Amino acid sequence: MSAPTRVLIVDDHAMLRAGFRTILDLQPDIEVVGEAGTGSEAVDLAGSVLPDVITMDVQMPDMDGLEATRRIRADGRIHASIAIVTTFDRDDYLFDALDAGASGFLLKNAGPEELVAAVRALAAGDGMLAPEVTRRVLQRFATRTAEAAGIPGPERHSTTATGSTALPSAALPEPLTDREAEVLRLVAEAWSNAEIAAELFIGEATVKTHVSRILQKLGARDRVQAVVLAHRLGLA
């Protein structure tokens, strides 16, 4: 059996941390290795316990979750995927979190099964965005970052014979193939590997191979970062 996924829970409310721990400790493939009530505690603890996944609150005393995420991402010893857990009362928290290096978002009113699924997805190297915020967050983030970077909009890109948008060849060190661009477009529209496989009449293992190649070519650490770039380049 593979080692369980090591999780660090970060939230300034002890009751919420206890609830998360209870849910996650019931899973045989997940182990809670620590809890932190402030951002600075999270940074210190992440460096000592080296978790695989961190669930990170935003509003906390001492140091907020966004700054904690930045500092953890800057520590080369820590390779954890970070899920921001929020009530989504401020959009800028979410956009700043993407900039800081978060790989997922989960609303605090999510059910226990969604928390477990998020941890497992992040541990597998996938991104995890709450369905309620996926399109809103990515579209607004992509528009903002594209304008700031001076990247041309979708109408400036070429299209393939089938009418799908093609990535500009100058945008990537190694351009995507037509099939990889097609897979990335579906990933950006929140399709699962199984759904992509059915749509393109290929096996799930083949989809996983395409996704791995796409992440490598984009220099993206996970699907969330790849999706942001797909929107930024006008592919989705």
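Parameters at a glance
Residues numbered from 1 in each chain as written. Predicted model: local features only at pLDDT ≥ 70, side-chain atom pairs only at ≥ 80, totals over all residues. Heavy atoms only, no water. Helix = DSSP H or I, 4+ residues; strand = E, 2+ residues; numbered from the N terminus. Areas by Shrake-Rupley, 256 points an atom, 1.4 Å probe, with all protein chains shown as cover. Pairing = 2+ DSSP bridges. Contact = heavy atoms within 4.5 Å. Axes fitted to C-alpha atoms, helices over the stretch in contact; angles between N-to-C directions. Core = buried A, V, L, I, M, F, W, Y, C linked by side-chain atoms within 4.5 Å. Buried < 20%, exposed > 50% of the residue type's maximum accessible area, 1.4 Å probe, protein only. Salt bridge = Lys/Arg side-chain N within 4 Å of Asp/Glu carboxyl O. Right-handed = clockwise from strand over helix to strand, strands pointing away.

### Digging into the overall build of the protein chain
Point 1. Scanning the protein chain from N- to C-terminus turns up ten helices and six strands.
Point 2. Here the protein chain has roughly 11400 Å² of accessible surface; of this, 52% comes from carbon and sulfur atoms.

### Remarks on the sheet that holds strand β5 (residues 104-107)
Point 1. A sheet is described by the order of its strands in space; here six strands give the open sequence β2-β1-β3-β4-β5-β6, paired in parallel fashion. Looking at the sheet topology across the chains shown, the edges are occupied by β2 (30-36) and β6 (128-129).
Point 2. In the packing of helix α3 (residues 65-74) onto the sheet, contacts are made with β3 (53-57) and β4 (81-86), and the angle to β3 comes to roughly 155°.

### Considerations on the nonpolar core
Point 1. Counting 26 residues, the largest nonpolar core has V10, I54, M56, I72, I84 and F105 as the members making the most contacts within it.
Point 2. Listing elements by their share of this core, those giving two or more residues are β1 (5-10), α2 (39-49), β3, α3, β4, α4 (91-100) and α10 (223-232).
Point 3. The greatest single-element share of this core, amounting to four residues, is contributed by α4.
Point 4. In terms of nonpolar packing, the next biggest core, distinct from the first, is built from 20 residues, L172, L200, L215 and A220 among them.

### Notes on the pattern of salt bridges
Point 1. Tallied over the entire structure, the rule returns 13 salt bridges.
Point 2. Among the salt bridges present, the one from R120 reaches D29, with a minimum N-O distance of 2.9 Å. With R120 in helix α5 (residues 112-123) and D29 in the loop between α1 (14-25) and β2, this residue pair connects regions lying 91 residues apart in the sequence.
Point 3. According to the relative accessible area criterion, R120 is partly exposed, its value standing at 37%.
Point 4. The exposure class assigned to D29 is partly exposed, which follows from its relative accessible area of 31%.
Point 5. Here R179 makes a salt bridge to E182, at a shortest N to O gap of 3.3 Å. Residue R179 and its partner E182 are both found in helix α7 (residues 178-188); the two are separated by three residues, about one turn of the helix.
Point 6. Judged by its relative accessible area of 32%, R179 falls in the partly exposed class.
Point 7. Residues joined by salt bridges that share partners form a network here, namely R17, R21, D25 and E35.

### Observations concerning the pairing of β5
Point 1. Here β5 shows a buried face lined by G104 and L106 and a second buried face lined by F105 and L107.
Point 2. Sheet analysis places β4 next to β5, joined by four bridges and oriented parallel. Its bridge partner lying in β5, A83 is registered against G104.
Point 3. Judged from the two bridges that link them, β5 and β6 form a sheet pairing that is parallel. The partner of G104 across the bridge, within β6, is M128.
Point 4. Handedness of the β-α-β unit built from β5, α5 and β6 comes out left-handed.

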